[in-house]
Amino acid sequence: MHAWPASEVPALPGKGRDLRIHDTATGGRITLDPGPVARIYVCGITPYDATHMGHAATYNAFDLVQRVWLDTKRQVHYVQNVTDVDDPLLERAVRDGQDWTELAERETALFREDMTALRMLPPQHYIGAVEAIPGIVPLVERLRDAGAAYELDGDVYFSVDTDPHFGEVSGLDAEAMRLLSAERGGDPDRPGKKNPLDPMLWMAAREGEPSWDGASLGAGRPGWHIECVAIALDHLGMGFDIQGGGSDLAFPHHEMGASHAQVLTGEHPFAQAYVHAGMVGLDGEKMSKSRGNLVFVSVLRRDGVDPAAIRLALLSHHYRSDWEWTDQVLADAVERLARWRAAVSRPDGLSADALVEEVRAALADDLDAPAALAAVDRWAERQTAEGGTDEGAPGLVSRTVDALLGVAL
């Protein structure tokens, strides 16, 4: 599966700062020192209802991570998946009377278009769950053969009790996990499971649903969590720097994935930091496919909204916060974009050397994009009111906003 084209990232003078970021597993901020190549895995979409503003906010957060690392003169090895076969996708295809593969391909293509328009840097490896199946099957077999998985009516489950570190990612107690498991695709009440929290690794073929050759597992398809584990281990290995996604993935997805990988390899941790973006709401509720209260990037673009304004609207909220999309949020972003473009359109201006460091410092401090925007606001306000004589300043501001915030002025 191919990703989308990369926009050029301007080089800035000097060198950026190491990223200090909130880690869900420890509940505090840690400073990451990835070495010359930073490694990040971000969980991708299940391709239906793409690309809503919740998606966009999540991928914007991890785009900032990439930009901070690139500014430190590191390379970035970024991997993202597409869950292109899963119960919700199949259910949507049935509801709409569509072939599930056509639905997945169409929505993935739309997602690529939206990511390109928003100038999100693409992953080096963009992998669909279906194409990863040949690598998933051996991992499930290894877990089964090691006694970390068991069969139940043809399905194969992972035994969470085989991982001594289970629970360390989310920090939740058993009851909270059970409730979230039931809400988020698990089956804690299924009779015969060793532990209600045990997640499915391989689902035996169901009539009317797609299936693949699972070798000794029989025909079927993979569970959700093992897909990402197989892709991450194949392309990044253990101990990569950031496992990222929305806050609703901390449990069960990231918790279960970490346990799968740790039992498979005997190593800990799966990732150095677990980083989660907040939820975006609309009309007082979380924006979600099940509720149907979605604002789509493609619809805004079709209505003539500049993608740079959409990006500024996302950046105006801290990535870890839950917030609500409103018409005013977008209007404020459109007005900010106009002010910034007017300020950098002058042939000269106020020195921007200090601004570069302000933006760097803000983003290195747990991706504080609102503080970075405020710094540019102050420069633009003074530039408009006072002006200056530095001929290189407007260009430096434009390059800084482009390189670190992904906004083209």
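Residues numbered from 1 in each chain as written. Predicted model: local features only at pLDDT ≥ 70, side-chain atom pairs only at ≥ 80, totals over all residues. Heavy atoms only, no water.

(A) Examining the packing of aromatic side chains more closely. This model, assessed by the stated rule, comprises seven aromatic pairs. Centroid distance Trp 323 to Trp 325: 6.3 Å. Interplanar angle 45 degrees. Geometry classified as tilted. When its relative accessible area of 10% is taken as the criterion, Trp 323 is described as buried. An aromatic cluster is present here, built from Trp 4, Tyr 59, Phe 111 and Tyr 126 joined pairwise through their rings. (Phe/Tyr/Trp six-rings, centres within 6.5 Å; stacked < 30°, edge-to-face > 60°. Buried < 20%, exposed > 50% of the residue type's maximum accessible area, 1.4 Å probe, protein only.)

(B) Local environment of the sheet that holds strand 9 (residues 220–222). With antiparallel pairing, the four strands of this open sheet are ordered in space as 6-7-8-9. The open sheet is flanked by strand 6 (149–152) and strand 9, the only strands paired with a single partner. Neighbour-to-neighbour, the strand axes of the sheet open up by a mean angle of 20 degrees, direction not taken into account. Bridge count for strand 6 against strand 7 (residues 155–158) is four bridges, and the pairing is antiparallel. Looking at strand 7, one finds that Tyr 150 is bridged to Tyr 157. Along the sheet, helix 4 (residues 129–145) makes contact with strand 6, strand 7, strand 8 (200–204) and strand 9, crossing strand 8 at roughly 110 degrees. (Pairing = 2+ DSSP bridges. Helix = DSSP H or I, 4+ residues; strand = E, 2+ residues; numbered from the N terminus. Axes fitted to C-alpha atoms, helices over the stretch in contact; angles between N-to-C directions. Contact = heavy atoms within 4.5 Å.)

(C) Up close: the packing of helix 1 (residues 53–71) against helix 9 (residues 307–315). Contact geometry for helix 1 and helix 9: axes closest at 10 Å, N-to-C directions at 80 degrees. Regarding the angle of helix 1 to helix 9, the classification is roughly perpendicular. Within the contact between the two elements, helix 1 uses Met 53, Ala 56, Ala 57, Asn 60, Asp 63, Leu 64 and Arg 67 and helix 9 uses Ile 310, Arg 311, Leu 314 and Leu 315. (Parallel < 35°, antiparallel > 145°, perpendicular 65-115°, else oblique.)

(D) Representation of unusual backbone geometry within the structure. A cis amide bond, omega 10 degrees, links Phe 251 with the succeeding residue Pro 252. With respect to the element layout, Pro 252 can be found in helix 7 (residues 250–265). Residue Pro 269 is reached from His 268 by a cis peptide bond, and omega for that bond is 5 degrees. Look at Asp 49: it is not a glycine, yet its phi comes out positive at around 55 degrees. Along the chain, the position of Asp 49 falls in the loop between strand 3 (37–42) and helix 1. The buried category is assigned to Asp 49, whose relative accessible area is 16%. Of note, the phi angle at Lys 73 is positive, near 70 degrees, even though the residue is not glycine. Mapped onto the fold, Lys 73 is located in the loop between helix 1 and strand 4 (75–82).

(E) Summary view of the side chain of Asp 198. The topology assignment puts Asp 198 in the loop between helix 5 (174–183) and strand 8. Buried charge Asp 198 goes without a salt bridge, the closest partner of opposite sign being Lys 193 at 6.2 Å. A distance of 2.7 Å separates the side chain of Asp 198 from the side chain of Tyr 150, its partner in a polar contact. Leaving out residues up to four positions away in the same chain, Asp 198 has contacts with Tyr 150, Tyr 157, Phe 158, Ser 159, Val 160, Asp 187 and Lys 193. (Lys, Arg positive; Asp, Glu negative; His and termini not counted. Salt bridge = Lys/Arg side-chain N within 4 Å of Asp/Glu carboxyl O. Polar contact = N/O pair within 3.5 Å; in protein donor to acceptor, adjacent residues only side chain to side chain.)

All quantities given are derived from atomic positions and should not be read as evidence of function.
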